[in-house]
Amino acid sequence: MSLPLLIVQVLNGLQLGLLLFLIAAGLTLVFGVMNFINLAHGVQYMLGAYLAVAFYSVTGTFLGALALALAAALAIGLALEFAVFRHLYGRDHLDQVIATFGIILFIGEAVKFVWGAAPLSLPIPDAFAGAVQLMPGAIYPVWRLVIIASGLVTAAALYGFVAYTRIGMLVRAGAADAAMVSALGVDIRRLFMIVFGFGTMLAGFAGIMIAPILSVEPGMGDTVLILAFVVIVTGGIGSIRGAFAAALLIGLVDTLGRSFAVDLMRLVMAPSPARTVGPALASMLIYLVMALVLYVRPAGLFPARGR
Amino acid sequence: MRAFAGSLRKTRKLDLIPLLILTAFALVPAAARFGAEAHVIALVTRVMIFAIAALGLDLIVGYGGLISFGHAAFVGLGAYAVGILGVHGMTEGLVALVAGLVTAVLFALATGTVCLHSQGAYFIMITLAFGQMAYFTATSLAPYGGDDGLTIEARNTILGAPVLRSDGALYYAALACLATSYLACRALVRSRFGRVLRAARENPVRVATLGFDVFRFQLVAYAISGALGGLSGFLLANATNFVSPAYMSWQRSGELIIMVLLGGMGRLHGAIIGAAVFVLMEEWLSDLTEHWKMIFGPFLVLVVLFARGGLIGLGEHVVRSLRRG
């Protein structure tokens, strides 16, 4: 375990954490404000990546693909909200889980139908290709730094939006007590649509940004969805601050766990069992963290509701 | 009083449906003689195996109000007991079954103790987390196939005799397990235990005030539900001669929830109907097109939006409106 390797892995952890934050931010708001469990949120992330690939082949520039894919992701999200989700807001969590599971099945398969099951790829924009040397022995790809930077900028913008604008105030109020906000005369349906569209775009944005360094394939939304749920539950449902803290925690724990678990296990056991136990423990680590956090604080790190 | 008599009559009438379902299962092998026998037997065996797991899930989801999103883990534990013991040369079914059930119950007690501290959405997510832990443990079991899963050389023997070798025998074994599980669950939900469980779903605080330890009732229900999952896994491993981590994936857990909701939750035979509809639709649609999920997904959305109470609820609604004319 050398210092350069540690720095690189910490950056990787940050990058994963910020990516998870982009996805979890929308999920936690939709969950917190509308009390709606949207399993189909991972699909929005996947669609973002696919749409970016599709629009890149049309426009030929990453920026063009980004703009068009964001718009298309928003349009698809709002269409889903209009056709299905808005009929589920008052319903049981179980109904929401099943219906959004159905949407995962549909869109996952539709993506295979349109683009095929084989993984696709998106080239890294020329300006950000290559790598920089952070210190002797630590080389880091520029695009990953771009993801980190854009994640931080988005997080700051989101914080400003939620903390200092009128709509942000309504969103916070909605997460604390949606019925009361509605009773005070706020058009809660419009608020729901804004929150939903916003969350959809953030997930799509995450998918677009990750597409150049990840293979774009039909199952990519599922893994990230589960991670995003771990993040929002650990952070406290409905809390942007909680999602940010938990996303970084989960991203770092997962990445560092995966890279150093075998080494750590070798301190306490023979190399051969360490090679088996290490990776298993590493995959489980974030779930252990979540179970531990929930055991100590059943409503997550930063509960949004003042109960 | 009239309402009470009405509900009595209703209970008696509804008992006819489970009886019909089980009879139909018993007659399938005879009817299958005229068609593609082996295929039909294997398919309906699969239906009954998932019906057992769905029954167990309905016990906690439908009656306990506890939405477990990690239930496939129990099925996986039952299946892995068969696979792992098989690798070590132990092919006795009763040993594998007991090992699977004990593992499933212990896992349920350990995880249930943590999960049941959380409510609502948090419960859903933490059961999901434990399901994922079981899944990743299975993928890391390198000596037992890891990611790729484990082929089981031969089906379990029962008391040394290879009675499960024939598909027909396995079919009736699965049917016997399903019927026993159904009757046991039915007795359970009608007992004092079941009433406390249902009451705790409606209002846990009030039940606690009456002097019941809600947590203990829920934990026992969770363990029973896990045991049924283990039983289902034992049969599944024997039916497919294969176990893999995919048995424990969160999608599998989602499918089990779908089965419960599809038939109509909170009525045990609903879980059986749901399992049958799910497995048969999957089979039929995937014959029709490779992209069957594009049809099944919207079907689920429609069921949730328009058929409250699942297919049974829909059926009752139709019957009621026909009667009214």
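Residues numbered from 1 in each chain as written. Chains lettered and ligands numbered in written order. Predicted model: local features only at pLDDT ≥ 70, side-chain atom pairs only at ≥ 80, totals over all residues.

Points about the overall build of chain A
1) Next: Counting its regular elements, chain A contains ten helices and two strands.
2) Next: Counting helices and strands in the order they occur from the N terminus, chain A gives α-α-α-α-β-β-α-α-α-α-α-α.
3) Next: Computed over the C-alpha atoms, the radius of gyration of chain A is 20 Å, within 12% of the 19 Å expected from 2.2 N^0.38 for a compact globule of 307 residues.
4) Next: On the principal axes, the C-alpha backbone points of chain A span a range of 60 × 50 × 35 Å.
5) Next: Here chain A, with 307 residues, has 50% of them falling under the buried criterion. (Helix = DSSP H or I, 4+ residues; strand = E, 2+ residues; numbered from the N terminus. Rg over C-alpha atoms; globule rule 2.2 N^0.38 Å. Buried ≥ 20, exposed ≤ 12 C-beta atoms within 10 Å, placed from the backbone.)

Quick notes on the interface of chain A and chain B
1) Next: Taken together, the 35 residues of chain A in the interface contact 33 residues of chain B.
2) Next: At the level of secondary structure, the elements contributing two or more residues to the side of chain A that touches chain B comprise α4 (93-115), α8 (220-235) and α10 (271-296) of chain A.
3) Next: The element contributing the most residues to the side of chain A that touches chain B is α4(A), with 16 residues.
4) Next: Among the residues making up the side of chain A that touches chain B, the classes are represented as 26 nonpolar, six polar and three charged. (Contact = placed C-beta atoms within 7 Å. Nonpolar A, V, L, I, M, F, W, Y, C, P; charged D, E, K, R; others polar.)

Quick notes on the confidence of the model for chain A
1) Next: Counting all residues, the mean pLDDT for chain A is 88, and 98% of those residues have values of 70 or more.
2) Next: Summarising per-element confidence for chain A, the mean pLDDT is lowest in α10(A) (82) and highest in helix α2 (residues 41-59) of chain A (93). (pLDDT = per-residue confidence, 0-100.)

Re unusual backbone geometry
1) Next: In the Ramachandran plot, A:N35 falls in the positive-phi region, its phi being about 55° despite a non-glycine side chain.
2) Next: Structurally, the position occupied by A:N35 is in the loop between α1 (3-34) and α2.

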